[in-house]
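Residues per chain are reported as follows:
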Amino acid sequence: MKNKISILFVATTFLFVLCFPTVCLSAQEQRVALVIGNGNYSFSPLSNPTNDADDMTTILEKCGFTVIKTINATRKEMRRSIRKFGNEIASEDAVGLFYYSGHAIQVDGENFMVPIGASVYAEDEIEDECLRVSAVLRKMETASNKLNIIILDACRDNPFGRGFRSGIRGLAKMDAPVGSIYAFSTAPGSVAADGMGRNGLYTSVLLEHILTPGLEIGQLFRMVRVEVMEASDYKQVPWESSSLTGSFYFNTARGIAVTDRPAYSPLKKSKKKERMIPLPTF
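Residues numbered from 1 in each chain as written. Predicted model: local features only at pLDDT ≥ 70, side-chain atom pairs only at ≥ 80, totals over all residues. Heavy atoms only, no water.

K.L.:
Give me the overall build of the chain: which residues, what numbers.
P.N.:
What the chain contains, in helices and strands, is seven helices and 11 strands. Counting every position in the chain, which comprises 282 residues, the buried fraction comes to 49%. Put simply, of all contacts in the chain between residues at least 6 apart along the chain, 71% involve residues at least 24 apart. Carbon and sulfur atoms make up 53% of the accessible area of the chain, which amounts to about 14100 Å² in all. (Helix = DSSP H or I, 4+ residues; strand = E, 2+ residues; numbered from the N terminus. Buried < 20%, exposed > 50% of the residue type's maximum accessible area, 1.4 Å probe, protein only. Contact = heavy atoms within 4.5 Å. Areas by Shrake-Rupley, 256 points an atom, 1.4 Å probe, with all protein chains shown as cover.)

Printed below as a string of structure tokens:
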């Protein structure tokens, strides 16, 4: 009887892997994502971000993420979501992912997301009305979790234009700390297309490839960069900053490899340690 049960279990597991190759499996890690899409602005409205957020939520849930989704959020609502996100990823086995689609600008080298309802007439009002990207990054850093991924499809033209002295376009460069990767829809100081279809150009290509089985995250973003460049006639060049110490797969039929974040010390080199979480083998 026990032998029959064992054979049935093995057969069921094998059929599951064959029938659901795009389902991401992990024995231990906790995957949490915060997805924000802001498009319903009273000034310079955007047609794609709400669709981007909805579609990214669907795809991330297929990859095993628990998703906190916030659509057309005010500054207060964004802060509330970020606080909840920070609490959810505060675990050494957690993988955190933050995705934002909407208006964002840089002032004095600092990047700001633009909430719905922001009222800005001059550059010196940005800090009061908008939300620093670093507010999310601080939550992710203090969580002391395994891995952090930040994706910003937000490098569109400055919606406040006339009230700004600098005239700088796009977002400022950001360096990813150890155990994280930052992905931008275009290079620092450049702008990205909002898109002519349901999604923005960058997000549409990302959605197309993110479920590809066995595609490592670095390979994924390189593939996305090439396709976005070609589709935009090389006017838009996606960019990343990475300090990952191992591999991460959104989707793999053979297991998920993630890297423990080493404790950082300027006086002592951290040891790179990769932990594999394979599916059961029989």
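K.L.:
I'd love a proper account of the packing of helix α6 (residues 201-209) against helix α7 (residues 217-231), names of residues and values included.
P.N.:
Two numbers describe how α6 lies on α7: the axes approach to 9 Å, and their chain directions differ by 135°. It follows that α6 is oblique to α7 by the angle criterion. At the point where α6 passes α7, the crossing takes the right-handed sense. For the pair formed by α6 and α7, the contact residues are L201, Y202, V205, L206, E208 and H209 on the first element and L220, F221, M223, V224, E227, V228 and A231 on the second. (Axes fitted to C-alpha atoms, helices over the stretch in contact; angles between N-to-C directions. Parallel < 35°, antiparallel > 145°, perpendicular 65-115°, else oblique. Left-handed = near helix turned anticlockwise from the far one by under 90°.)

K.L.:
Break down the side chain of D153 for me, with residues and values.
P.N.:
Along the chain, D153 turns up in strand β7 (residues 147-153). Judged by its relative accessible area of 0%, D153 is buried. One polar contact links D153 to S185, side chain to side chain, over a distance of 3.3 Å. A distance of 2.6 Å separates the side chain of D153 from the side chain of T203, its partner in a polar contact. The residues contacting D153, other than those within four sequence positions of it, are D52, Y99, Y100, S101, G102, S185, G200, Y202 and T203. (Polar contact = N/O pair within 3.5 Å; in protein donor to acceptor, adjacent residues only side chain to side chain.)

K.L.:
Can you break down unusual backbone geometry residue by residue, with the values?
P.N.:
Despite not being glycine, S144 has its phi angle at roughly 55°, a positive value. In this structure, Y234 is a non-glycine residue whose phi angle is positive, near 65°. If you trace the backbone, Y234 turns up in the loop between α7 and β9 (239-242). Of the residues examined, Y234 reaches a relative accessible area of 53% and is grouped as exposed.

K.L.:
Pulling in residues and values, what's your account of the packing of aromatic side chains?
P.N.:
Counted under the stated rule, the structure contains four aromatic pairs. Seen in terms of ring centroids, F65 and F250 are 6.3 Å apart; in terms of plane orientation they differ by 35°. Their pairing is tilted. Remark: F250 occurs in the loop between β9 and β10 (255-259) and F65 occurs in strand β2 (residues 65-71); sequence separation between them is 185 residues. Neither F65 nor F250 differs from the other in exposure class; each is buried. With 5.0 Å between their ring centres and 45° between their planes, F184 and W239 make a pair best called tilted. In this pair, F184 is assigned in strand β8 (residues 180-184) and W239 in strand β9, connecting sequence segments 55 residues apart. By way of ring pairs, the aromatic residues F65, F248 and F250 are connected into one cluster. (Phe/Tyr/Trp six-rings, centres within 6.5 Å; stacked < 30°, edge-to-face > 60°.)

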